[in-house]
Amino acid sequence: MTYANAQKTRICLPSLENFDLLYPEDIAVGEESSALKEVFKSSVEHYFVPISTQWANPVTRFLLLKKQWENNTAHLSSLTEIAMHPIYQQIIGMGPVVISLILDEMKRKPGHWFWALRAITGEDPVLPEQRGRIKQMTEAWLQWGKKQGYV
């Protein structure tokens, strides 16, 4: 299933995209209001997406894990720490079912998915001269995905 199809299947769930419009930025004074808002948002999210649904549907599971991983590693600068994060390892553990989801995500927003793709596929289409160049590495994986039928 592609990322676009995954987004279509999520339409049946209430959307939290307008959450910030319903609950504007920090009405109260102090850091506590931001923390409370995040806890409230998380509670609403868990109410509308029960844990049984999160783990039963690989698309929903991937999207939730991706969001948690991005939130938990946003402050990290070490690529090794980012890739060895337990949530990233859970994504890798999902296996080939997430290859098309990762490639669709890379199409939308290049990121640190190279380690996961190498671990899942056992392949590495990135040429030595492309290493360290995110845009070229992303393009190499997207071309690989097209040839393999994932994109």
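Residues numbered from 1 in each chain as written. Predicted model: local features only at pLDDT ≥ 70, side-chain atom pairs only at ≥ 80, totals over all residues. Heavy atoms only, no water.

1. Some words on the pattern of salt bridges
Phase 1 of the analysis: Evaluation of the coordinates by the stated rule reveals six salt bridges.
Phase 2 of the analysis: Close ionic contact of Asp 104 with Lys 107 constitutes a salt bridge, the shortest N to O distance being 3.6 Å. Here Lys 107 and Asp 104 lie together in helix α8 (residues 99-108), a separation of three residues that amounts to about one turn.
Phase 3 of the analysis: The exposure class of Asp 104 is buried, given its relative accessible area of 7%.
Phase 4 of the analysis: Asp 124 is paired through a salt bridge with Arg 131; the nearest N and O atoms lie 2.9 Å apart.
Phase 5 of the analysis: For Asp 124, a relative accessible area of 30% puts it in the partly exposed group.
Phase 6 of the analysis: Several salt bridges converge on common partners, so that one network encompasses Lys 66, Glu 70, Glu 105, Arg 108 and Lys 109. (Salt bridge = Lys/Arg side-chain N within 4 Å of Asp/Glu carboxyl O. Helix = DSSP H or I, 4+ residues; strand = E, 2+ residues; numbered from the N terminus. Buried < 20%, exposed > 50% of the residue type's maximum accessible area, 1.4 Å probe, protein only.)

2. Looking at the packing of aromatic side chains
Phase 1 of the analysis: Inspection of every chain in the model, using the stated rule, returns six aromatic pairs.
Phase 2 of the analysis: Considering the side-chain rings of Trp 69 and Trp 113, the 4.9 Å spacing of their centres and the 50° angle between planes classify their relative orientation as tilted. Of this pair, Trp 69 sits in helix α5 (residues 58-73) while Trp 113 sits in the loop between α8 and α9 (114-121), and the two are 44 residues apart along the sequence. An identical accessibility class is assigned to Trp 69 and Trp 113; each is buried.
Phase 3 of the analysis: Seen in terms of ring centroids, Tyr 88 and Trp 113 are 5.9 Å apart; in terms of plane orientation they differ by 20°. Their pairing is stacked. (Phe/Tyr/Trp six-rings, centres within 6.5 Å; stacked < 30°, edge-to-face > 60°.)

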